[in-house]
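What follows is the residue order along each chain.
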Amino acid sequence: MQIVVGAQWGDEGKGKIVDFLADQAEWIVRYQGGNNAGHTVIIGNETFKLHLVPSGICRGKKSVLGNGVVVNPVALMLELKSLHERGIETKGKFFVSDRAHLILERHIQQDLSQESHRSQKVGTTGKGIGPTYMAKIERSGLRAGAWRTGGLSPEETTAMEFLSPYLADTVILLHEALEAGEGILLEGAQGTFLDVDHGTYPFVTSSNCSSGGACTGSGLPPTAVKTVTGILKAYTTRVGNGPFPTELIDSVGQHLQTQGHEFGTTTGRIRRCGWLDLVMAKHARRINGITEWAITKLDVLSGLSELKVCTGYRYQGKELKAYPAETAWLDDIEPIYKRFPGWEGDLSRIQNYADLPEEARSYLKFIEDYTGVPNRFVSVGPERNQTIVR
Ligand code: GDP
Ligand code: IMO
Ligand code: MG
């Protein structure tokens, strides 16, 4: 069993890497979040923008929305219909946990209204995520399996009628798969620093995106986990509000934004961009138990004369020993940078690690040395085959 988890603030390229890794697994499972996520998978000249359905569906693998996911029935129905139109089969291949909570219109309205009344705006995606998890934790939520008792609107009712053949006790399904020795890949949404416990609270999402959430959100046990793959973008991005110590608001930030096409998949907002922050990466390693990195979007760094990587945080003149719990401190952090020479040229056709420019290899080696985690995969483009495996 393998968990794939974002090591930053989301949009690290989880969709691409999950699609790549899905080849090796029979089951792909989402364990938290909802259609606030946006995972882009590019296969040949086809682009899939998935919000709820796990990225493995494009490989014809069995896909599950686990009990920890919050499901907007109308959005899910539309996503499935658009997959069907593109010839992707979901019957007998896609399952929604009957324990998953439903996002209803009232939760969306509550999300929008809470945001408008907040003095410090989180910048939510407006998809009703927070209020749905609030109702779940408060024990007044509506589980998918009980949808007939929920007083749904006609539109929601139509969607649930469409979805009802997909409802299943996915905990049992997944345990049977585990006992049969089938490969299971757990696909995280968002990222470690958007985790409601470990992220930059209150500028976070309302679920446990980190690897711990994979067990509670699927019913699979921690003892079955063999590998935790951390997805680390070669630089940092963030959508929405909240602190961002290595943010760049200059021409380098502009380079990352344009070369990396850093626009939100769900809301179309411009993603804020900055240097790679290894203080975050090291903390993500600890929280998630990351055993290997998939470094993504290395190609985007080509053409910058110098690169910087954050290796420490200075706060009020003192270097911090670890990632701070006090989110407000992060606004006043002075990042400590290590500089690297940049490189020129297009990396997107490179298939072997050894063929990467020497400067790029030094950059990658430093990530490994600093975090103590090997770079198992290096992604040099959005397509499935633009992935270097070591
Ligand atoms: P996710 O939310 O973590 O799945 O990431 P998104 O799909 O929201 O954002 C990542 C974006 O970068 C998508 O548009 C991907 O197609 C693209 N992408 C993924 N890996 C690479 C890469 O190595 N290089 C480049 N240039 N683009 C990539
Ligand atoms: P993927 O899976 C990046 C951010 C929002 C906002 C905060 C709370 O594509 O990486 P929410 O609507 O969840 O209550 O918003 O979380 N956010 C994401 N940022 N990628 C995502 O998903 C995100 N999902 C939520 O921008 O700051
Ligand atoms: Mg995304």
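Residues numbered from 1 in each chain as written. Chains lettered and ligands numbered in written order. Predicted model: local features only at pLDDT ≥ 70, side-chain atom pairs only at ≥ 80, totals over all residues. Heavy atoms only, no water.

Student: Which residues make up the site of ligand 2, and what values do they have?
Tutor: With respect to spatial proximity, 20 residues lie near ligand 2, and among them Lys 14, His 39, Thr 125, Gln 190 and Thr 205 are the closest. Gln 190 places a polar main-chain atom, nitrogen or oxygen, 2.8 Å from an oxygen atom of ligand 2. Here an oxygen atom of ligand 2 and a backbone polar atom of Val 239 are 3.2 Å apart. In isolation ligand 2 has 550 Å² of accessible area, and contact with the protein removes 98% of it. (Near = heavy atom within 4 Å. Polar contact = N/O pair within 3.5 Å; in protein donor to acceptor, adjacent residues only side chain to side chain. Areas by Shrake-Rupley, 256 points an atom, 1.4 Å probe, with all protein chains shown as cover.)

Student: Before we move on, can you summarise the coordination of the magnesium ion (ligand 3) with the specific residues and values?
Tutor: As a benchmark, a tetrahedral metal site with four donors has ideal angles of 109.5 degrees, while an octahedral site with six donors has ideal angles of 90 or 180 degrees. Coordination sphere of the magnesium ion (ligand 3), protein contribution only: Asp 11 (OD) and Gly 38 (O), at 2.0 to 2.2 Å. Here Gly 38 lies in the loop between strand 2 (27–30) and strand 3 (39–43) and Asp 11 lies in the loop between strand 1 (2–6) and helix 1 (14–21), a separation of 27 residues in the sequence. By the burial criterion, Asp 11 is buried, and Gly 38 matches it. (Donors = N, O, S within 2.8 Å, 3.2 Å for Na, K, Ca; no water. Helix = DSSP H or I, 4+ residues; strand = E, 2+ residues; numbered from the N terminus. Buried < 20%, exposed > 50% of the residue type's maximum accessible area, 1.4 Å probe, protein only.)

Student: Provide a residue-level description of the site of ligand 1, including the pertinent values.
Tutor: Neighbouring residues of ligand 1: 19 residues in total, closest Lys 14, Gly 15, Gly 38, Asp 299 and Ser 379. For ligand 1, an oxygen atom lies 2.9 Å from a polar atom in the side chain of Lys 297. The contact in question runs from an oxygen atom of ligand 1 to an N or O atom on the backbone of Gly 381, over 3.1 Å. Protein chains shield 92% of the accessible area of ligand 1, which is 590 Å² for the free molecule. Residue assignment for the shell around ligand 1 shows that the elements contributing at least two residues are helix 1 and strand 3. Of the residues assigned to the shell around ligand 1, the class counts are four nonpolar, eight polar and seven charged. Domain assignment of the residues forming the shell around ligand 1 places at least three in each of domain 1 (2–230) and domain 2 (232–389). (Nonpolar A, V, L, I, M, F, W, Y, C, P; charged D, E, K, R; others polar. Domains from an automatic or database assignment.)

Student: Now, about the domain arrangement of the chain: what can you tell me, with residues and values included?
Tutor: Domain annotation for the chain reports domain 1 (2–230) and domain 2 (232–389). For domain 1 versus domain 2, the separation of C-alpha centres amounts to 25 Å. Facing the 45 residues of domain 1 at the interface are 43 residues of domain 2. With both chains or domains summed, domain 1 and domain 2 bury close to 3,600 Å², and 57% of this area falls on carbon and sulfur atoms. Three residues, Gln 8, Trp 9 and Lys 16, lead the burial of domain 1 against domain 2; their summed loss comes to 20% of the area buried on that side. In this structure, the connection of domain 1 to domain 2 is made through two salt bridges. A salt bridge links Arg 271 to Asp 11; the nearest nitrogen and oxygen atoms lie 3.0 Å apart. Counting the contacts that link domain 1 with domain 2 gives 27 residue pairs in polar contact (both at pLDDT 80 or more). (Contact = heavy atoms within 4.5 Å. Buried area = accessible area lost by both parts, 1.4 Å probe. Salt bridge = Lys/Arg side-chain N within 4 Å of Asp/Glu carboxyl O.)

Student: Go over the pairing of strand 19 (residues 375–379), please, and point to the residues and values.
Tutor: Most of strand 19 sits out of view: four of its five residues are buried. Bridge count between strand 15 (residues 292–296) and strand 19: three bridges; the pairing is parallel. Its bridge partner being in strand 19, Trp 293 is matched across the sheet by Asn 375. Both strand 19 and strand 20 (residues 387–389) contribute to a ladder of three bridges, which runs antiparallel. When the bridges of strand 20 are listed, Ser 379 appears paired with Thr 387. (Pairing = 2+ DSSP bridges.)

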